[in-house]
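# Close look at the chain arrangement
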Amino acid sequence: KGGTYIESALLSLNRFAWKLCIKANRMAEIVTEERMNRHPFSVFLFNVAGRDPERYNNLLRLIGYCIYNYKDPSVPAAVILCDSKISAKSQGGTGKGLLVKAMSYIRSAVYEDGKAFNRKNATEFRFGRVNHDTDLLHISDVTKSFDFEALFSIITEGFPVRKLYKAEEFIPYEKSPKVIISTNFSIAGEGSSHERRRVEFELSDHY
């Protein structure tokens, strides 16, 4: 009601598209600031942005970056979603997972358990679910000991993907998924190498 259906425009493309990436017949509506309070998801975004208009607009830009397929090689970065109140204990519940779930309705997303990410028995095939049609890789709920430097090469160069009983494949940077990391802790790391590979957004504890 009051919206417009976005139909698939594949006939106008001069290249193939992955079937899993086609999200046709989605209702879309431009939400103005005056009408925002009538749209639950807009209210949710405003609340997790601390009800601050500037941070709300920054969050919209961040979402836009994640769901836009283009990857600028001059600004390779992973998106880090964290809690505004960092503590020694795992808190959560601010809406990080829900936010990424919403993006998965627009883009093809793969979930990776962040708690198991550093375990030796999980590293060899840790990107086994990533395919050429994957747009987003969500490494969820990483621990305090998470090694962000282990992601440097996939953030800037591309994904080596190894599946069981298959030869390793490599997805080049421009076709590789964007990385989203959610955490209840601050991710360790300093220096220019860390700074240029991460874009952080703190979600308010409104919920």
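Source: prediction; values computed, not measured. (Residues numbered from 1 in each chain as written. Predicted model: local features only at pLDDT ≥ 70, side-chain atom pairs only at ≥ 80, totals over all residues. Heavy atoms only, no water.)

Bringing the packing of helix 1 (residues 40-48) against helix 3 (residues 96-104) into the picture now. Their axes nearest at 11 Å, the elements helix 1 and helix 3 cross at an angle of 140°. One finds that helix 1 runs oblique with respect to helix 3. As for the relative orientation of helix 1 and helix 3, their crossing is left-handed in sense. Across the interface between the two elements, Phe41, Phe44 and Leu45 from helix 1 touch Leu98, Leu99 and Ala102 from helix 3. By residue class, the composition of the contact of helix 1 with helix 3 is six nonpolar, no polar and no charged. (Axes fitted to C-alpha atoms, helices over the stretch in contact; angles between N-to-C directions. Helix = DSSP H or I, 4+ residues; strand = E, 2+ residues; numbered from the N terminus. Parallel < 35°, antiparallel > 145°, perpendicular 65-115°, else oblique. Left-handed = near helix turned anticlockwise from the far one by under 90°. Contact = heavy atoms within 4.5 Å. Nonpolar A, V, L, I, M, F, W, Y, C, P; charged D, E, K, R; others polar.)

Once that is clear, we can look at helix 3. Within the span of helix 3, buried status applies to Lys96, Leu99, Val100, Met103 and Ser104. Down the axis of helix 3, the smallest arc covering the buried residues is 145°, so these residues share one side. (Buried < 20%, exposed > 50% of the residue type's maximum accessible area, 1.4 Å probe, protein only. Arc of directions from axis to C-beta.)

A separate point is the nonpolar core. Within the largest apolar cluster, 21 residues are counted, with the highest numbers of intra-cluster contacts made by Phe148, Leu151, Phe159 and Ile181. At the level of elements, strand 3 (78-83), strand 5 (136-142), helix 5 (152-156), strand 6 (158-161) and strand 8 (178-183) are the ones that each hand at least two residues to this core. Leaving out residues up to four positions away in the same chain, Phe148 has contacts with Ala78, Ile80, Ile155, Ile181, Ile187, Ala188, His194, Arg197 and Arg198. Core analysis: the second largest hydrophobic core is formed by 20 residues, Phe44, Val48, Val79 and Phe201 among them. (Core = buried A, V, L, I, M, F, W, Y, C linked by side-chain atoms within 4.5 Å.)

One can describe the packing of helix 1 onto helix 2 (residues 53-67) by two numbers: an axis separation of 8 Å at closest approach and a directional angle of 115°. Crossing of helix 1 over helix 2 shows right-handed handedness. Judged by residue contacts, Ser42, Leu45, Phe46 and Val48 of helix 1 engage Pro53, Arg55, Tyr56, Leu59, Leu60 and Ile63 from helix 2. In terms of residue class, the contact of helix 1 with helix 2 is made up of eight nonpolar, one polar and one charged.

A word on the packing of aromatic side chains. Any aromatic ring pair is given by two values, namely how distant the centres are and how the planes are angled relative to each other. Scanning all chains against the criterion turns up six aromatic pairs. One aromatic cluster in this structure is built from Phe41, Phe44 and Tyr207. A cation over an aromatic ring shows up here: Lys178 above the ring of Tyr65, its NZ or CZ 3.9 Å from the ring centre. Positioned over the ring face of Phe152 is Arg197, at 4.3 Å from the centre of the ring. (Phe/Tyr/Trp six-rings, centres within 6.5 Å; stacked < 30°, edge-to-face > 60°. Lys NZ or Arg CZ within 6 Å of the ring centre and 35° of its normal.)

This paragraph deals with the sheet that holds strand 3. Across the sheet, which stays open at both edges, the five strands sit in the order 4-5-8-3-9 with parallel pairing between neighbours. Of all the strands in the sheet, the pair left with one neighbour each is strand 4 (109-113) and strand 9 (198-203). Ignoring which end each strand starts from, the neighbouring axes of this sheet average 20° apart. Relative to strand 5, strand 4 runs parallel, the two being bridged by five bridges. When the bridges of strand 5 are listed, Glu112 appears paired with Ile139. (Pairing = 2+ DSSP bridges.)

Next up on the list: helix 1. Taken together, the buried positions of helix 1 are Ser42, Phe44, Leu45, Phe46, Asn47 and Val48. Looking at the buried positions of helix 1, the neighbouring elements they touch are helix 2, helix 3 and strand 9. At the exit of helix 1 stands Gly50, carrying a positive phi of roughly 75°.

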